[in-house]
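# Residue-level structure breakdown
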Amino acid sequence: MMYGLQRAARMLLISWRINPLMWLIVDLKMQEMDGIQVIEGLKNIQPSIVGIVLTGYGSIPTAVKALKLGAYHYLTKPCQMAELETILKEVKDERNIHLRRVPDHYHGIVGKSQIIQNIIDTVQLVKDTSLPVLISGESGTGKELVARAIHFDSCRKENPFIAINCASLKPDLLENELFGHVKGAFTGATNCKDGLLKICDSGTLFIDEIADMDLVVQASLLRFIETGLFRPLGSTKEVKVNVRIVAAINKDIEEEVKMRRFRHDLYYRLNVCRVNILPLRERKEDIPLLMDHFLTTSPLVKDRTVTISSSAMEIFLFYHWPGNVRELFNLLGRVILMTKESMITKGHLVTFLPSALRKGHEKASSLKDIEKLHIVESLKAHGGNISATARAIGIDRRTLQRKITRYHIH
Ligand SMILES: Nc1ncnc2c1ncn2[C@@H]1O[C@H](COP(=O)(O)OP(=O)(O)OP(=O)(O)O)[C@@H](O)[C@H]1O
Ligand SMILES: [Mg+2]
């Protein structure tokens, strides 16, 4: 029965992406479940559902019960269309007010672009459901920040939020970390060990760089998402836990599925609730707000007021930020640390940004060329040290390694 409801909720969520102002009108007397049970069950999965119960068996106790269990309204049949229309209009107006109230600073997510506002809307719609979420976006766009917002604004917030990165663990280690093992499961397994799924019960498990997960581990994860069950290594018994999965990816997942490196069935499961964070260069209107946020909250500026000159702001707005928000924050941090003045000017940026930025500012070459130049210059500045370069430009080591290969940088 719950599986049916989960499916119904998924269908509703798909429709929500098209129209977030959705409601559900159900009859009270139905076979198998009554309308109140349907609304109650669906609200457990998706709390923002607006349910209206229609019935020919009107009575005050049933009306009260329907409202208590989360129905928005209760109408007796034959209902007048005008009455129903009034209620639906009321729902729509209330929802519009709610959507308009979305702040430009939500659980640390700063941004006023439509892209960020849509992300915040989606987070608010899905946060209290148990459905898995897939967050995609380039390195440094804020995937972990969004994952944390989903958890820390949800009914799971008092329970654990644990992150695991698939790219940093070999397949058997990753399997062991996720599912745990029993004593004697393999040579050296002298004690049993709980996996993260067990430790994370009632909370959220954030699986970063999921495209790097081995296909066998993907199969076990899919089974867990579908049933809530998993088997620790070497155990014959299955364990049931209630863990919400939030996964992140900075590769093109559709391409990974096409190349059969990622299971299509797991992709379909995860892709129902998808949050795609576009790169900073495609939402440049967020840059001043993000800078302002950094300049007012960073411990680096605790005893100072730092402002940005308009010519420096022009450069910030022009640059294409391959390392996205992380690169922006790292750069601001470096500039603030090294200058004692209260205003950041174009002159400071000439010192702190690699020449690729200056060249790019004078002549608009292609973004790829600018990125390549930026990487080459930074590598030179750090004596070819990949870790130091990655840190300086604000992307992770693996991403830098991929870009070096892609741009044939020697
Ligand atoms: N919209 C935003 N508002 C405020 N801070 C942000 C925003 N987006 C990203 N950041 C900040 O940028 C930094 C990088 O964010 P985060 O670690 O979430 O990126 P990511 O997408 O997980 O990157 P990666 O793929 O490299 O792991 C963090 O310091 C984060 O707080
Ligand atoms: Mg991350």
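Predicted model only: the values in this text are computed from it and were never measured.

### As for the nonpolar core
- Ranked by size, the top nonpolar core spans 32 residues in total, and within it Leu197, Leu205, Ile207, Ile210, Met213 and Ile245 carry the most contacts.
- Every element with two or more residues in this core is listed here: strand E7 (161–165), helix H7 (171–179), helix H8 (196–199), strand E10 (204–208), helix H9 (215–227), strand E13 (244–249), helix H10 (253–258) and helix H11 (264–270).
- Here the element with the most residues in this core is H9; it accounts for five residues.
- What Ile210 contacts, discounting residues up to four positions off in sequence, is Leu134, Cys166, Leu221, Ala247, Ala248, Ile249, Phe262 and Leu270.
- One finds Leu280, Phe294, Ala312 and Ile315 within the second-largest nonpolar core, a separate group that totals 25 residues.

### A look at the site of ligand 1
- Taken together, the neighbourhood of ligand 1 is formed by 17 residues, with Val110, Ser139, Gly140, Lys143 and Arg326 sitting nearest.
- In the model, an oxygen atom of ligand 1 is placed 2.5 Å from a nitrogen or oxygen of the Ser139 side chain.
- Within the backbone of Gly142, an N or O atom sits 3.1 Å from an oxygen atom of ligand 1.
- Bound to the protein, ligand 1 loses 84% of the 630 Å² it would expose on its own.
- Contributions of two or more residues to the shell around ligand 1 are made by strand E5 (109–110), helix H6 (143–152) and helix H14 (324–338).
- Tallied by class, residues from the shell around ligand 1 come to six nonpolar, six polar and five charged.
- Taken domain by domain, the shell around ligand 1 gets at least three of its residues from each of domain 2 (105–277) and domain 3 (280–406).

### Notes on the pairing of strand E14 (residues 273–277)
- Side chains Cys273, Val275 and Ile277 of E14 all project onto a buried face; the interleaved residues Arg274 and Asn276 project onto a face where none is buried.
- Two strands pair when backbone bridges link them, and strand E6 (residues 133–137) and E14 are joined in this way by five bridges, in the parallel orientation. Paired with Ile135 across the two strands is Val275, which belongs to E14.

### Re the pairing of E13
- With six of its six residues buried, E13 lies for the most part within the structure.
- Residue alternation in E13 divides its side chains into two sets, Arg244, Val246 and Ala248 and Ile245, Ala247 and Ile249, and both sets are buried.
- One ladder, built from four bridges, connects E10 with E13; its direction is parallel. Looking at E13, one finds that Ile207 is bridged to Ala247.

### Quick word on the packing of aromatic side chains
- Inspection of the entire model under this criterion finds eight aromatic pairs.
- Taking 5.4 Å as the distance between ring centres and 55 degrees as the angle between the ring planes, the aromatic pair formed by Tyr267 and Tyr268 counts as tilted.
- A residue is classified by how much of its surface remains accessible, and Tyr267, at 9% relative accessible area, is buried.
- Ring geometry for Phe294 against Phe329: centres 5.1 Å apart, planes inclined by 35 degrees, an arrangement best described as tilted. One end of the pair, Phe294, is in helix H12 (residues 287–297); the other, Phe329, is in helix H14, with 35 residues separating them in the sequence.
- For Phe294, a relative accessible area of 11% translates into the label buried.

### Concerning the sheet that holds E14
- The parallel open sheet is built from five strands, whose spatial order is E7-E10-E13-E6-E14. The open sheet has two edge strands with one neighbour each: E7 and E14. Pairs of neighbouring strands in the sheet enclose a mean axial angle of 20 degrees, with direction left out of account.
- Across five bridges, E7 lies against E10 in parallel orientation.

Thresholds applied
- Residues numbered from 1 in each chain as written.
- Chains lettered and ligands numbered in written order.
- Predicted model: local features only at pLDDT ≥ 70, side-chain atom pairs only at ≥ 80, totals over all residues.
- Heavy atoms only, no water.
- Core = buried A, V, L, I, M, F, W, Y, C linked by side-chain atoms within 4.5 Å.
- Buried < 20%, exposed > 50% of the residue type's maximum accessible area, 1.4 Å probe, protein only.
- Helix = DSSP H or I, 4+ residues; strand = E, 2+ residues; numbered from the N terminus.
- Contact = heavy atoms within 4.5 Å.
- Near = heavy atom within 4 Å.
- Polar contact = N/O pair within 3.5 Å; in protein donor to acceptor, adjacent residues only side chain to side chain.
- Areas by Shrake-Rupley, 256 points an atom, 1.4 Å probe, with all protein chains shown as cover.
- Nonpolar A, V, L, I, M, F, W, Y, C, P; charged D, E, K, R; others polar.
- Domains from an automatic or database assignment.
- Pairing = 2+ DSSP bridges.
- Phe/Tyr/Trp six-rings, centres within 6.5 Å; stacked < 30°, edge-to-face > 60°.
- Axes fitted to C-alpha atoms, helices over the stretch in contact; angles between N-to-C directions.

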